[in-house]
Amino acid sequence: MSDSTSNSTPDSASAERNPSNLRAQVDRLIAEGAFDLAARRLAELWRRDPASGTASFVTLRIDELREKLRDRLTLTKFKLAILRSFTVEPIVPLLRAEAFAYGIDLEVHVGDFNTYVQDMLDAQSPLYRFAPNAVVLAVRTDQAAPELWRDFADLAPEAAQQAAERVVRGYEQWIGAFRKHSQAALIVHSLERPSSPSLGVLDDQSEAGQSGLIRQINRDLRRIATGFHGVYSLDYDALVARHGSEHWHDERKWLTARLPIAAGYLLQMAREWMRFIVPLSGRTAKVLVVDLDNTLWGGVIGEDGMAGIKVGAEYPGAAYQALQRALLDLSRKGILLAVCSKNNLDDAMEALENHPGMLVRAKHFAALRINWTDKAQNLREIAQELNVGIDALAFLDDNPFEREQVRAALPEVTVIDLPRNPLEYALAVRNCAAFERLTLSAEDQQRTEMYAAQKQRAGAEQTFQSKEDFFRFLEQEAELEPVSDLTLARVAQLTQKTNQFNLTTRRYTEPQIAEMANKREWHIFSIKVRDRFGDHGLVGVAIAHDLGEQCEVDTFLLSCRVIGRTVETALLAHLAESAAQRGRKRLVGWFLPTKKNAPARDFYQQHGFERQEANGAASLWALDLTSSKLRSPEWIKLKVTTEATPGGKN
Amino acid sequence: MTASTFEQVRNIASDIFGIPADKITAESSPETIENWDSMQHLNLVLAIEEKFGVQLDPEDIEAMKNIDAVATLVEKLQSAAR
């Protein structure tokens, strides 16, 4: 799609891009049928003016665009139910607009006031009929623990303790029922502590004061959440504290409209929910590409030199160290870092390797593009080198011009708008929902090292005459096992995130995987791979179910970093062999094409499957297990575990 | 009343009620705007508070009978704040 303003500078564009002009542009573009561009302008309007009125404008237009956009699969559909004890309706448009800016088409169901208990307990309730992907349980302390909130000074210490325990038992029971009736994710608000406890400063002189008991409830809620798959805690108390209890609350609106949150903070509530919705919907960024001059350090290395650039423990260099700390935290969560900078390579590397104030070093970056080429081109190359889609990239640059260029050329990239003041850089990165994760696998924590090993592999591959020689040299070892409690989170994560080598692209949550694993006719395998350069971790998942004489492949996927190393053949051979052992005669599977899974298109054909039928672009393939010669390649050392580890979770 | 306050209020109302700004007059009210129900009234209040950095009392909210009344109220609150 061509962008009429992509060649003009941001400055000349800014006049025509003010909020009221953008509104007019959006309506004109919709009338003209230019839906893609209309959607981009709509997202831009929201970025520039994220206010309540704008949210209403944006959500009305999203509804107009929905049908047209869904055909192009550019938006991820997500259904959120909000169970609540207070008015949340004015937050909904803000939330939907914010979700839209992240590429999510959010449908929201709001429960009736204070019906959350029956909604969760009753399998026939409107909540379950809505079939949400995720549910927010937003209950305020005054409703969840009225005795502790209102009449605390009247309670004997024992009675107060019992009241706190009753609150926790209630939550435990509702959450247990919820998990029985639904596989949706559940986000539980923690309880807010009173800003003015009933006994004043005396309250904090005891563990069992008003504040102390609410803290105890919150600790227990967190413990309950960790006991279930897909139940998460939202620290509402900390959220209020972050923005300041006195600013956050609006007593007048609470008394007249049951809305406790002041107008200026409704957006912050929506954004906090987004930090869960973005990772749950899979619209996360996997790579953060950073600029160097005036982003990673203050000043321009090519002009100011090693002694002139600012990065260190003291102001102003401290702002850049704070940003670097935020980057290292992302890297520990498995988000890859990369550099894209217009610089002389030697100058930049000197600072990256040797500047005493730097916390991040060249080794922390999975890819480096330090040259004078156009940034969009560099970003495309980085995505290719790291084997991720363009939409998996986030881009951090102090220069608004570069940001606009990237937005115009690569609208799929998450572009972070850095504030003008470097002291605010770190927070801008930390607040970006695209970097949120709800679970961390061992693979996430070692990802940077894994990519370093990948570079060595690519180098080695070029020195071999034949593929087979290279495979033997790799000394791959694969471990096949049924899904277990230890691997459940990673298996679900792979179904959520894998786009390229994925035959059916079916997305599953942890509870869904757990439920499948409990059924006798379903078989879920994972494969871990390591080779002479390092450990890839758990990189492949196959899900199959027996049906009469045949076994159908429901899901077959492999992380892109091991594609083409014949690991896929080993996994498929295992699926075939285990199905044959269970007495199945045929292994069948669909290939469901998407925009991204072309690498898997010929997979069944290459492994001796025959095409059975086609349904549009989708095709069904079958392998006769009685005559199949499908075997795992001899150069992969296989270890097969047949028993799943017994589970301890609900 | 300055033209700009009225314009800004009208633009907010246009966003909230989903109708073009030029269809909204000083006399526009819940009787003439179909969408203007109690929930949209709350949304209008919140958008006004956010935009102009003011806080409305329950009595103010009651008094917002039409667009002209809203704009007058905003002007009053803004001059009181100065």
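Along each chain, residues carry numbers from 1 onward, in the same order as the chain's sequence is written. All chains are assigned letters beginning at A, and all ligands numbers beginning at 1, according to the order in which they are written. The model is predicted, so local features are restricted to residues of pLDDT at least 70 and side-chain atom pairs to those at 80 or more, both for listing and for counting; the totals for chains, interfaces and linings are taken over all residues.

J.: Could you clarify how one ought to interpret the overall build of chain B in this entry?
T.: Secondary structure follows DSSP: runs of H or I at least 4 residues long count as helices, runs of E at least 2 residues long count as strands, and numbering of each begins at the N terminus. Scanning chain B from N- to C-terminus turns up 4 helices and 0 strands. When its helices and strands are written in sequence order, chain B yields α-α-α-α. The globule rule is 2.2 Å times the number of residues to the power 0.38, and the radius of gyration it is compared with is taken over C-alpha atoms. Against the compact-globule benchmark of 12 Å for 82 residues, chain B has a radius of gyration of 12 Å, which places it among compact chains. Expressed as lengths along the three principal axes of its C-alpha atoms, the size of chain B is roughly 35 × 25 × 20 Å. Buried residues are those with 20 or more other C-beta atoms within 10 Å of their own C-beta, exposed residues have 12 or fewer, and partly exposed residues lie in between; C-beta atoms are placed from the backbone. Of all 82 residues assigned to chain B, the portion counted as buried reaches 30%.

J.: Help me out: how do you make sense of the overall build of chain A in this one?
T.: Broken down by element type, chain A carries 28 helices and 19 strands. In terms of C-alpha radius of gyration, chain A reaches 27 Å, essentially the compact-globule figure of 26 Å for 650 residues. For chain A, the spread of C-alpha atoms along the principal axes amounts to about 80 × 65 × 55 Å. Expressed as a percentage of its 650 residues, the buried residues of chain A come to 44%.

J.: Honestly, the pairing of strand β15 (residues 550-558) of chain A in this entry has me stumped. Any pointers?
T.: Residue and element names in this part refer to chain A. When DSSP finds at least two bridges between two strands, those strands are taken to pair. Bridge count for strand β12 (residues 501-502) against β15 is 2 bridges, and the pairing is antiparallel. Opposite F501, over in β15, you have L558 as the bridge partner. With 8 bridges joining them, strand β14 (residues 534-547) and β15 adopt antiparallel strand pairing. Looking across to β15, one finds that L547 is bridged to Q550. Turn length for the β14-β15 hairpin, with the two strands adjacent in sequence and antiparallel, is 2 residues, and the turn residue G548 shows positive phi of about 60°.

J.: Is there a simple way to explain the interface of chain A and chain B in this structure?
T.: The parts lose accessible area when they come together, and the size of an interface is often stated as this lost area. Contact definition: two residues whose C-beta atoms, as placed from backbone geometry, lie within 7 Å. Taken together, the contacts link 16 residues of chain A with 15 residues of chain B. Going through the elements one at a time, α4 (52-71) and α14 (251-257) of chain A are the ones with two or more residues in the side of chain A that touches chain B. Looking at which element gives the most residues to the side of chain A that touches chain B, the answer is α4(A), with 6 residues. Polarity classes work like this: nonpolar for Ala, Val, Leu, Ile, Met, Phe, Trp, Tyr, Cys and Pro, charged for Asp, Glu, Lys and Arg, and polar for all others, with Gly in that last group. Classifying every residue of the side of chain A that touches chain B by side-chain character gives 7 nonpolar, 7 polar and 2 charged.

J.: Looking at this structure, I do not really get the confidence of the model for chain B. What am I missing?
T.: One rule of thumb: low pLDDT means the predicted coordinates there are not for detailed reading. You can read pLDDT as the predictor saying how much it trusts each residue, on a scale of 0 to 100. On average, residues of chain B score 91 in pLDDT, and 96% of them reach the 70 mark or higher. Predicted complex metrics record ipTM = 0.93 and pTM = 0.81.

J.: Can you help me understand the domain arrangement of chain A in this one?
T.: Residue and element names in this part refer to chain A. The source of the domain bounds is an automatic or database domain assignment. Domain assignment breaks chain A into domain 1 (1-71), domain 2 (75-281), domain 3 (287-435) and domain 4 (442-640). Relative to domain 4, the C-alpha centre of domain 2 lies at a distance of 40 Å. With 5 residues of domain 2 in contact, the opposing surface of domain 4 contributes 7 residues. Looking at the side of domain 2 that touches domain 4, its residues break down into 1 nonpolar, 3 polar and 1 charged.

J.: Help me out: how do you make sense of the sheet that holds strand β8 (residues 365-371) of chain A in this one?
T.: The pairing of strands in a sheet happens through backbone hydrogen bonds and is either parallel or antiparallel. Residues and elements named next belong to chain A. Ordered by their spatial adjacency, 5 strands build an open sheet running β8-β7-β6-β9-β10, and the pairing between neighbours is parallel. Each edge of the open sheet is held by one strand with a lone partner, namely β8 and β10 (414-417). Neighbour-to-neighbour, the strand axes of this sheet turn through a mean angle of 20°, independent of strand direction. As judged from the 6 bridges shared by strand β7 (residues 336-342) and β8, these two strands associate in the parallel manner. Bridge pairing in β8 links L337 to F365. The axes are straight lines fitted to the C-alpha atoms, using for helices just the contacting stretch, and the angles between their N-to-C directions are given from 0 to 180°.

J.: Please explain the packing of helix α10 (residues 157-181) of chain A against helix α11 (residues 210-226) of chain A as it appears in this structure.
T.: Packed helices, taken two at a time, are described by their axes: the angle between them and the distance between them. Residue and element names in this part refer to chain A. Between α10 and α11, the shortest axis-to-axis distance is 10 Å and the interhelical angle comes to 25°. With respect to their mutual orientation, α10 and α11 come out roughly parallel. When the axes of α10 and α11 are compared, the crossing they make is right-handed. In contact with A160, A164, V167, V168, Y171, E172 and I175 of α10, α11 contributes L213, Q216, I217, D220, L221 and I224. Taken together, the residues that form the contact of α10 with α11 break down as 10 nonpolar, 1 polar and 2 charged. Each angle gets one of four labels, with under 35 degrees taken as roughly parallel, over 145 as roughly antiparallel, 65 to 115 as roughly perpendicular, and the rest as oblique. Throughout, a crossing is termed right-handed when the near helix is turned clockwise from the far one, and left-handed when it is turned anticlockwise from it by less than a right angle.

J.: Can you walk me through the packing of helix α25 (residues 488-497) of chain A against helix α26 (residues 510-517) of chain A in this structure?
T.: All names here are of chain A. Relative to each other, α25 and α26 sit at 115°, their axes nearing to 9 Å. Classed by the angle they form, the pair α25 and α26 counts as roughly perpendicular. The way α25 lies across α26 gives a crossing that is right-handed. Residues L488, A489, V491 and A492 of α25 form the contact with α26, whose own contacting residues are E510, I513 and A514. Residue composition of the contact of α25 with α26, grouped by class: 6 nonpolar, no polar and 1 charged.

J.: What is the right way to look at the sheet that holds strand β2 (residues 104-110) of chain A in this model?
T.: All names here are of chain A. Here we have 5 strands laid out as an open sheet, ordered β2-β1-β3-β4-β5, and parallel in their pairing. The sheet terminates laterally at β2 and β5 (231-234), the two strands that pair on one side only. Taking the axes of each pair of neighbouring strands and ignoring which way they run, one obtains an average angle of 25° across the sheet. Both strand β3 (residues 134-138) and strand β4 (residues 185-189) contribute to a ladder of 4 bridges, which runs parallel. Note that in β4 the partner of A134 across the bridge is A185.

J.: How should I be thinking about the environment of V553(A) in this particular structure?
T.: Residues and elements named next belong to chain A. Residue placement: V553 occurs in strand β15. Sequence separation between V553 and R258 is 295 residues, and the spatial gap between their C-alpha atoms is 51 Å. Setting aside residues up to four positions removed in sequence, V553 forms contacts with A542, A544, L575, L587, V588 and G589.

J.: Got a minute to help me understand the environment of G209(A) in this structure?
T.: Residues and elements named next belong to chain A. Here G209 is to be found in the loop between β4 and α11. Placed 181 residues apart in sequence, G209 and I390 show a C-alpha to C-alpha distance of 52 Å. If we skip the residues at most four places from it in the chain, G209 touches P197, L199, D203 and D204.

J.: Would you explain the pairing of β10(A) in this entry?
T.: Along a regular strand, successive side chains alternate from one face of the sheet to the other. All names here are of chain A. Only one face of β10 is buried: it carries T414 and I416, and the other face, with V415 and D417, is open. Across 4 bridges, strand β9 (residues 393-397) lies against β10 in parallel orientation. Bridging across to β10, A394 finds its partner in T414. The path from the first strand over the helix to the second decides the hand: if it runs clockwise while the strands point away from the viewer, the crossover is right-handed. One crossover worth recording links β9 to the parallel β10 by way of helix α20 (residues 400-409), and it is right-handed.

J.: Honestly, the environment of R369(A) in this entry has me stumped. Any pointers?
T.: Residues and elements named next belong to chain A. Secondary-structure assignment places R369 in strand β8. Owing to 21 C-beta atoms within 10 Å, R369 belongs among the buried residues under this scheme. Once the C-alpha coordinates of R369 and V289 are considered, the two residues, 80 residues apart in sequence, prove to be 9.6 Å apart. Apart from the residues within four sequence positions on either side, R369 is in contact with V339, C340, N378, E381 and I382.

J.: How should the confidence of the model for chain A be read in this particular structure?
T.: Taken as a whole, chain A shows an average pLDDT of 91; of its residues, 96% reach a score of 70 or greater. When the criterion is pLDDT under 50, residues 645-650 of chain A qualifies, and its contacts beyond four places in sequence or with other chains add up to 12 contacts.

J.: Hey, could you run me through unusual backbone geometry in this one?
T.: As a rule of thumb, non-glycine residues mostly have phi less than zero, and peptide bonds are mostly trans rather than cis. Residue and element names in this part refer to chain A. A cis amide bond links Y315 to the next residue, P316, at an omega of 0°. Locating P316 in the fold gives a position in the loop between α16 (301-308) and α17 (317-332). A positive phi is found at N114, a non-glycine position, where the angle reads about 55°. By the element assignment, N114 lies in the loop between β2 and α6 (116-121). Among the residues examined, N114 registers 15 C-beta atoms within 10 Å and is labelled partly exposed. Residue T505 is not a glycine yet carries a positive backbone phi of 50°. Looking at T505, the number of C-beta atoms within 10 Å reads 18, which means it is partly exposed.

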